[in-house]
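These are the residues of each chain, in order.
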Amino acid sequence: MTEDLYWDPFDKIIDVNPHPLWRRLRDEAPVYRNEKHDFYALSRHADVDAAHVEPETYSSAHGTVLELMGPEPFNTGQIIFMDPPTHTLLRVLVSRAFTPRRVGGLEGSIREICAELLDPQIGGGGFDYIQDFAAQLPSLVISKLIGVDDADREEIRQTIDQTFHIEEGKGMINDVSFAAQIKLHTYFSEQIDARRTAPRDDMMTALAEAEITTDEGARRLTTSEAADFTNLLVAAGTETVARLLGWAGDLLEAHPDQRAELAADPSLLGNAVEETLRYESPSPVQGRVNTREVELHGTTIPAKSRILLLTSSANRDERKYPDADRYDIKRNFDSHLAFGRGPHFCLGAALARMEGRIALEETLRRFPNYEVDRDNAVRLHTSTVRGYEKLPIKV
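Residues numbered from 1 in each chain as written. Predicted model: local features only at pLDDT ≥ 70, side-chain atom pairs only at ≥ 80, totals over all residues. Heavy atoms only, no water.

**Re the sheet that holds strand β11 (residues 371-372)**
Then step 1. One open sheet holds the three strands; their spatial order is β4-β14-β11, and the pairing between them is antiparallel. With one partner strand each, in any of the chains shown, β4 (126-128) and β11 form the two edges of the open sheet.
Then step 2. Pairing between β11 and strand β14 (residues 392-394): two bridges, direction antiparallel. Of the residues in β14, the one forming a bridge with E371 is K394. (Pairing = 2+ DSSP bridges. Helix = DSSP H or I, 4+ residues; strand = E, 2+ residues; numbered from the N terminus.)

Below, the structure written as structure tokens:
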């Protein structure tokens, strides 16, 4: 019965609307096997949720992007590719960037940036909601938090976009993506070294001065480790929020009654952001490698298998969310998996939520009745990120 079931994270046609296929996976093949690309996929909420909170079985140390995942653990400074206890040690360090005080103190800056980006569009007839606003806002916010110089911020944003570049048959392992990653690491290494001799009041200085305690004693982060942290924070903080805002722009135009409610009552925006994250998760897939043999739904997954957690499918699972395919800004629900769960729960979740809420409030204050030019919209496609690259709107 499942012979005609085929899901491929690299297939751009499937990626346009994978939700009907993911529903079939949940119902017919909750442990899906793809022989072509050699992976298993979990699609039900309960299974994806359990895998997120069991790092001793579902390891991140072998990579979390399908085309990078292999049988041997990575030797990297990226905490996203680490397991506890090392991950826990370093996560505590990086979490200092996202204290409630530091994040809450950015609200005024976020509103100012929104005004700077949106006010010039008033009376202009239309603009690209992604390139002119949604992609720039989180880049400017996270760059301010980290300490990227104003003159460098747009180039850094464009370089981050290039790190997500994929090519047919190669995924993200290609010359463009690799060159962009090297460029970012080099830039942040130079910035970290500069902070060692000339400290500033920013996160890169904190990383340059931070010490970690290991079995061998206390030591400072190396320049490479600090640059890896910075790279991860800036890239993750830019890309996923841009996709969140793109999906919100699309969904609210497709649901004008709900958009009108939000424009009239901004207090509803917090829940609207959560429903948008549930309904169209910007990062729909996370990879793991199992450290031991796992039996699930009658299927045995051998140890050292590549397993994809279909977060976006889990967030539409009817077993967890009644009428899951309906977009409802007033939906009453306790949680979703768009930020992950467990030890790898998104460090910047509070900042992303605040950016989303403020960005939509400022957008609807100026443009409560925009239209999306779907004929000229362009989708972004990678094996781990899903959303819009361009979303022209008429205002």
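That shown, we press on.
**A short note on unusual backbone geometry**
Peptide bonds are trans in most cases, and residues, glycine excluded, mostly fall at negative phi.
Then step 1. Here P84 and P85 are connected by a cis peptide whose omega angle stands at 10°.
Then step 2. Inspection of the secondary structure puts P85 in the loop between β3 (58-59) and α4 (86-94).
Then step 3. Here K304, not a glycine, exhibits a phi torsion of approximately 70°, which is positive.
Then step 4. Position of K304 among the secondary structure elements: in the loop between β9 (299-301) and β10 (306-310).

**Digging into the nonpolar core**
Inside soluble globular proteins, nonpolar side chains tend to come together where they are buried.
Then step 1. Counting residues in each nonpolar core, the largest one holds 77 residues, and the members touching the most others are I110, Y129, F133, L137, F188 and L351.
Then step 2. When residues of this core are assigned to their parent elements, the largest contribution, 15 residues, is made by helix α12 (residues 223-254).
Then step 3. Core analysis: the next-biggest nonpolar cluster, separate from the first, contains 17 residues, W7, F39, L308 and L310 among them. (Core = buried A, V, L, I, M, F, W, Y, C linked by side-chain atoms within 4.5 Å. Buried < 20%, exposed > 50% of the residue type's maximum accessible area, 1.4 Å probe, protein only.)

**Description of the sheet that holds strand β7 (residues 285-290)**
Then step 1. Strands sit in the order β1-β2-β10-β7-β3 across an open sheet of five strands; the sheet is mixed. Two strands bound the open sheet, and with one partner strand each, they are β1 (31-34) and β3.
Then step 2. Bridge count between β3 and β7: two bridges; the pairing is antiparallel. Considered in β7, the bridge of Y58 is made with N290.
Then step 3. Against the sheet, helix α3 (residues 45-52) contacts β2 (39-42), β3, β7 and β10, and its axis sits at roughly 120° relative to β10. (Contact = heavy atoms within 4.5 Å. Axes fitted to C-alpha atoms, helices over the stretch in contact; angles between N-to-C directions.)

**Overview of the packing of α12 against helix α14 (residues 269-279)**
Then step 1. Following both chains from N to C, one finds α12 and α14 inclined at 100°, their axes separated by 10 Å at the closest point. In terms of axis orientation, α12 runs roughly perpendicular to α14. Counted together, L244, W247, A248 and L251 of α12 and V273, T276, L277 and Y279 of α14 form the full contact between these two elements.
Then step 2. Split into classes, the residues belonging to the contact of α12 with α14 amount to seven nonpolar, one polar and no charged. (Parallel < 35°, antiparallel > 145°, perpendicular 65-115°, else oblique. Nonpolar A, V, L, I, M, F, W, Y, C, P; charged D, E, K, R; others polar.)

**A few points about the side chain of E280**
Then step 1. Checked against the element boundaries, E280 lands in the loop between α14 and β7.
Then step 2. On the basis of relative accessible area, E280 is assigned to the buried category, the value being 7%.
Then step 3. Residues in contact with E280, not counting those within four places in the same chain, are H19, W247, L251, R316 and R386.

**Focus on the pairing of β1**
Then step 1. Sheet topology note: the β1/β2 ladder contains four bridges and is antiparallel. Across the sheet, residue R33 finds its bridge partner in β2, namely Y40.
Then step 2. The hairpin turn running from β1 into β2, its antiparallel successor, is four residues long, and D38 in that turn takes a positive phi close to 60°.

**Let's talk about the pattern of salt bridges**
Charged atoms that come close allow side chains of opposite charge to pair.
Then step 1. Under the criterion given, the structure shown has 40 salt bridges.
Then step 2. The shortest N-O distance in the salt bridge between R23 and E318 comes to 2.9 Å. Taken together, the residues span a long stretch of sequence, with R23 in helix α2 (residues 19-28) and E318 in the loop between α15 (311-314) and α16 (349-366) at a distance of 295 residues.
Then step 3. Given the relative accessible area of 32%, R23 is considered partly exposed.
Then step 4. Given the relative accessible area of 26%, E318 is considered partly exposed.
Then step 5. The residue R319 makes a salt bridge to D27 at a minimum N-O spacing of 2.9 Å. (Salt bridge = Lys/Arg side-chain N within 4 Å of Asp/Glu carboxyl O.)

**Some details on the packing of aromatic side chains**
Where two aromatic rings form a pair, the distance of their centres and the angle of their planes describe that pair.
Then step 1. Applying the stated criterion to the full structure yields twelve aromatic pairs.
Then step 2. Ring geometry for Y129 against F133: centres 5.3 Å apart, planes inclined by 45°, an arrangement best described as tilted. With respect to burial, Y129 and F133 carry one shared label: buried.
Then step 3. An angle of 70° between the planes, with centres 6.1 Å apart, marks the rings of F339 and F345 as edge-to-face.
Then step 4. Using a relative accessible area of 11% as the deciding quantity, one classes F339 as buried.
Then step 5. An aromatic cluster of at least three residues, connected via ring pairs, comprises W7, W22, Y32 and F39.
Then step 6. Lying over the aromatic face of Y321, R278 brings its terminal NZ or CZ to 5.3 Å of the ring centre. (Phe/Tyr/Trp six-rings, centres within 6.5 Å; stacked < 30°, edge-to-face > 60°. Lys NZ or Arg CZ within 6 Å of the ring centre and 35° of its normal.)

**Observations concerning the packing of α12 against helix α13 (residues 256-264)**
Then step 1. Contact pair α12 / α13: the axes reach a minimum separation of 5 Å and the direction vectors enclose 110°. Judged on the interaxial angle alone, α13 and α12 are roughly perpendicular. Residues L252, E253 and A254 of α12 pack against P256, R259 and L262 of α13.

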